[in-house]
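Observations on chain architecture
Single-letter residue listing:
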Amino acid sequence: MYVVAGVSGNTGAAAARTLIEAGERIRVLVRDAAKAKSWARQGAEVAVADLGDVPALTAALSGARGAYLLNPPGYAAEDPFRDTEVAADAIARAVTAARLPKLVVLSSVAADRPGGTGMIATNRTLEQRLGGIGLPVTFLRAAYFMENWAEVAGVAAAEGVLPSFLAPLDRAIPMVATADIGRAVAEALREDWAGQRIIALQGPAAYSPNDVAAAFARALRTPVQAVAVPEAGWAEALSHGGFSARSIAGFTEMMRGLNSGHVDFASDPSAEPRRGRTPIDTVVAALVKAVA
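Nothing here was measured: the structure is a model prediction, and the numbers come from that model. (Residues numbered from 1 in each chain as written. Predicted model: local features only at pLDDT ≥ 70, side-chain atom pairs only at ≥ 80, totals over all residues. Heavy atoms only, no water.)

**Quick notes on the pairing of strand β2 (residues 26–30)**
- Across the five residues of β2, five count as buried, placing the element largely inside the fold.
- Side chains Ile26, Val28 and Val30 project from β2 onto one buried face, and the interleaved Arg27 and Leu29 project onto a second face that is buried too.
- The parallel pair strand β1 (residues 2–5) and β2, bridged by helix α1 (residues 10–21), forms a crossover whose chirality is right-handed. (Buried < 20%, exposed > 50% of the residue type's maximum accessible area, 1.4 Å probe, protein only. Helix = DSSP H or I, 4+ residues; strand = E, 2+ residues; numbered from the N terminus. Right-handed = clockwise from strand over helix to strand, strands pointing away.)

Next up, the structure:
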């Protein structure tokens with residue numbers, strides 16, 4: 001039996017579905033039991049625990065063959081970096097107490113970099129804390145999520161404009177669908193390994209904002225143009241999304257790192273490269289359907 005967190009989000013749900021389809025027993029880890037009803041109907045066990053609650057998390061992990069854990073982005077938190085330190089310590093204590101055989105953790109491209117990565121530093125915190133507990137652990141460093149474009153899908157549909165923090169607009173970067181992340185998680189959980197390993201996961205191709213706009217145009221059957229959001233406007237745009245001041249600063253530094261190339265898979269050649277199979281058109285079509 002495997003424990004899967006984040007099932008109310010994209011990557012956890014994809015991992016859980018893949019494991020169930022493979023005939024594996026799973027236990028979903030949620031903060032609210034009401035959010036796990038659909039998983040219970042599919043035969044999953046349900047464990048209610050917060051990542052900061054060591055006793056509850058230990059109980060949820062006990063008896064499992066492995067677990068997938070992640071630290072959900074707390075953009076509204078006053079200090080998401082400090083919150084991650086607390087969560088990482090609690091996870092380390094819980095998996096040790098539960099004697100978990102192996103762990104898969106969602107991380108990010110450039111988590112190996114000591115600075116200049118903004119919010120990605122929270123993933124580095126997880127890696128450093130969990131990599132030192134002597135447990136077989138796989139850190140799945142994912143590329144830029146294709147689903148990040150969901151935030152502006154409605155604008156693209158209504159106005160034919162795709163606002164982009166990524167720039168220049170013709171520069172392609174690795175992106176990956178969350179469905180592919182979930183599948184990679186499930187594959188890793190069913191594998192055996194020793195010590196620590198790092199998987200660098202990206203999609204079948206790199207995409208630029210112009211490429212994404214073209215995918216929206218195909219899905220909407222109407223012209224869509226990518227437009228770069230000036231950095232001077234980032235803070236205001238993020239504040240409307242509920243970001244705290246600390247999160248805005250972290251997000252801004254992360255986007256600067258992406259746009260400059262500082263955030264890049266090439267920074268850690270020791271990572272094991274893997275590619276997902278989902279193209280941007282598939283993800284964009286789903287985003288368009290969701291806002292239709």
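**A word on the environment of Glu127**
- Mapped onto the elements, Glu127 comes out in helix α5 (residues 121–130).
- Glu127 sits in the buried class, given a relative accessible area of 8%.
- Setting aside anything within four residues of it in sequence, one finds Glu127 in contact with Ser107, Ala111, Phe139, Arg141 and Ile198. (Contact = heavy atoms within 4.5 Å.)

**Focus on helix α3 (residues 54–61)**
- Looking only at α3, the buried set comprises Val54, Leu57, Thr58, Ala60 and Leu61. The buried residues of α3 occupy an angular sector of 160° when projected down its axis, which confines them to one face. Facing away from the buried side of α3, by more than 90 degrees, are the exposed residues Pro55 and Ala59.
- The backbone nitrogen of Ala56 lies 3.2 Å from a side-chain oxygen of the residue at the head of α3, namely Asp53.
- Of the residues flanking the end of α3, it is Gly63, one or two places downstream, whose phi is positive at about 85°. (Arc of directions from axis to C-beta. Polar contact = N/O pair within 3.5 Å; in protein donor to acceptor, adjacent residues only side chain to side chain.)

**Here we look at the pattern of salt bridges**
- By the definition in use, this model includes 20 salt bridges.
- For Glu24, the salt bridge is made with Arg190, and the minimal N-O distance between the two is 2.9 Å. Of this pair, Glu24 sits in the loop between α1 and β2 while Arg190 sits in the loop between α7 (178–189) and β10 (196–202); the two residues are 166 residues apart in sequence, bridging distant segments of the chain.
- For Arg190, a relative accessible area of 45% corresponds to the partly exposed category.
- Its salt-bridge partner being Glu45, residue Arg27 comes within 2.9 Å of it at the nearest N-O pair. Of this pair, Arg27 sits in strand β2 while Glu45 sits in strand β3 (residues 45–48), and the two are 18 residues apart along the sequence.
- Here Arg27 falls in the buried class, since its relative accessible area comes to 12%.
- Salt bridges sharing common partners tie together Glu187, Glu191, Arg197, Glu272 and Arg274. (Salt bridge = Lys/Arg side-chain N within 4 Å of Asp/Glu carboxyl O.)

**Structural notes on the sheet that holds strand β13 (residues 272–275)**
- Judged by pairing direction, the sheet is parallel, and its eight strands sit side by side in the order β3-β2-β1-β4-β5-β6-β10-β13 without closing on themselves. A strand with exactly one partner marks an edge of an open sheet, and here the two such strands are β3 and β13. When the angles between neighbouring strand axes are averaged without regard to direction, this sheet yields 25°.
- In this sheet, β10 lies alongside strand β6 (residues 137–142) in parallel orientation, the contact comprising six bridges. Bridge pairing links Ala142 to Leu201 in β10. (Pairing = 2+ DSSP bridges. Axes fitted to C-alpha atoms, helices over the stretch in contact; angles between N-to-C directions.)

**What about the packing of aromatic side chains?**
- Tallying each qualifying case throughout the model produces six aromatic pairs.
- Geometrically, the ring pair formed by Tyr75 and Phe251 is edge-to-face, given 6.4 Å between the ring centres and 85° between the ring planes. Residue Tyr75 is found in the loop between β4 (66–69) and α4 (80–97), and its partner Phe251 is found in helix α10 (residues 245–260); the two are separated by 176 residues along the sequence.
- Residue Phe251 is classed as buried on the basis of its relative accessible area, which comes to 14%.
- With a centroid separation of 6.0 Å and an interplanar angle of 70°, the aromatic rings of Phe165 and Phe251 are classed as edge-to-face. With Phe165 in the loop between β8 (161–164) and β9 (173–176) and Phe251 in helix α10, this pair connects stretches of sequence that are 86 residues apart. With respect to burial, Phe165 and Phe251 carry one shared label: buried. (Phe/Tyr/Trp six-rings, centres within 6.5 Å; stacked < 30°, edge-to-face > 60°.)

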